Amino acid sequence: QVQLVESGGGLVQPGGSLRLSCAASGRFFSTSIMGWYRQAPGKQREPVATVTRGGQTNYTDSVKGRFTISRDNAMNTVYLQMNSLKAEDTAVYFCTLRSPFGADYWGQGTQVTVSS
């Protein structure tokens, strides 16, 4: 079974930075697509960034140039470095894993609040 545990969320001022981490259990991490989604109050969940097992990354337009997704296969961990944070980045951030068999797994989410 796969379990995903996020950490690193919190309260930060506009323009600040946070680094989210997601530790995965199970044996599919290195061959899985990893990603981050977010859900703001009253809005639908949306994709933020993904990274393939080969390291190819993809970002939603609103975070390009500010966020960086990376993975450490030896540690079964995926990261999201968030810089130049804006109020509109406030959301619950979820880690996701898509296994080689097409199954999707989600973490419990971590709150990110950008406010002065």
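In what follows, the structure referred to is the one given above.
Residues numbered from 1 in each chain as written. Predicted model: local features only at pLDDT ≥ 70, side-chain atom pairs only at ≥ 80, totals over all residues. Heavy atoms only, no water.

Asker: Help me understand the layout of surface pockets in this model?
Answerer: The gaps of empty space that remain are located by a probe, the size of a water molecule, rolled over the atoms. If you add up the space inside the largest pocket, you get close to 150 Å³. Lining the largest pocket are I33, M34, G35, Y37, T50, T96, L97, R98, D104 and W106. If one sorts the elements of the lining of the largest pocket by residue count, strand β4 (residues 33-39) sits on top with 4 residues. Of the residues belonging to the lining of the largest pocket, the class tally is 5 nonpolar, 3 polar and 2 charged. (1 Å grid on protein atoms, 1.4 Å probe; cavity = no way out; pocket = protein on both sides within 12 Å on 5 of 7 lines; lining within 4 Å. Points joined across faces, edges and corners; volume = space filled by probe spheres on them. Helix = DSSP H or I, 4+ residues; strand = E, 2+ residues; numbered from the N terminus. Nonpolar A, V, L, I, M, F, W, Y, C, P; charged D, E, K, R; others polar.)

Asker: For this particular structure, what's the right way to read the environment of R19?
Answerer: Residue position: R19 is located in strand β3 (residues 18-24). Separated by 12 residues in sequence, R19 and S7 have C-alpha atoms that sit 8.6 Å apart. In this structure, R19 is in contact with S7, G8, Y79, L80 and Q81, ignoring residues within four places of it in sequence. (Contact = heavy atoms within 4.5 Å.)

Asker: Before we go on, may I ask you to explain the pairing of strand β9 (residues 91-98) in this structure?
Answerer: Sheet faces and side chains relate simply in a regular strand, where the side chains alternate between the two faces. Of all 8 residues that make up β9, 6 are buried, and the element is covered over most of its length. Direction of pairing for β4 relative to β9: antiparallel, over a ladder of 7 bridges. The residue bridging M34 from the neighbouring strand is L97, located in β9. In terms of strand pairing, β9 meets strand β11 (residues 110-114) through 3 bridges, oriented antiparallel. Residue pairing across strands places Y93 opposite T110, the latter belonging to β11. Inspection of the sheet shows β9 paired to strand β10 (residues 104-106) by 3 bridges, in the antiparallel sense. Pairing of L97 across the sheet is with Y105, part of β10. Counted along the chain from β9 to the antiparallel partner β10, the turn is 5 residues long, and its residue G102 has a positive phi close to 90°. (Buried < 20%, exposed > 50% of the residue type's maximum accessible area, 1.4 Å probe, protein only. Pairing = 2+ DSSP bridges.)

Asker: I tried to follow the sheet that holds strand β8 (residues 77-82) on my own but got confused; where do I start?
Answerer: Two modes of strand pairing occur in sheets, parallel and antiparallel, and in both the strands are linked by backbone hydrogen bonds. A sheet is described by the order of its strands in space; here 4 strands give the open sequence β1-β3-β8-β7, paired in antiparallel fashion. The sheet is open, and its two borders are formed by β1 (4-7) and β7 (67-72), each paired with just one other strand. Neighbour-to-neighbour, the strand axes of the sheet open up by a mean angle of 15°, direction not taken into account. (Axes fitted to C-alpha atoms, helices over the stretch in contact; angles between N-to-C directions.)

Asker: In this structure, what is going on with the nonpolar core? I would like to understand it.
Answerer: Within soluble globular proteins, side chains that are nonpolar generally end up buried alongside one another. Core analysis: the biggest nonpolar cluster contains 29 residues, and W36, V78, L80, M82 and Y93 have the highest contact counts within it. Every element with two or more residues in this core is listed here: β3, β4, β5 (46-51), β7, β8, β9 and β11. (Core = buried A, V, L, I, M, F, W, Y, C linked by side-chain atoms within 4.5 Å.)

Asker: Would you mind showing me how to read the pairing of β7 here?
Answerer: On β7, burial follows the alternation: F67, I69 and R71 on one face are buried, whereas T68, S70 and D72 on the facing-out side are not. With 6 bridges connecting them, β7 and β8 associate as antiparallel partners. Bridge pairing links F67 to M82 in β8. Between β7 and β8, which pair antiparallel in sequence order, lie 4 residues; one of them, N76, sits at a positive phi of approximately 50°.

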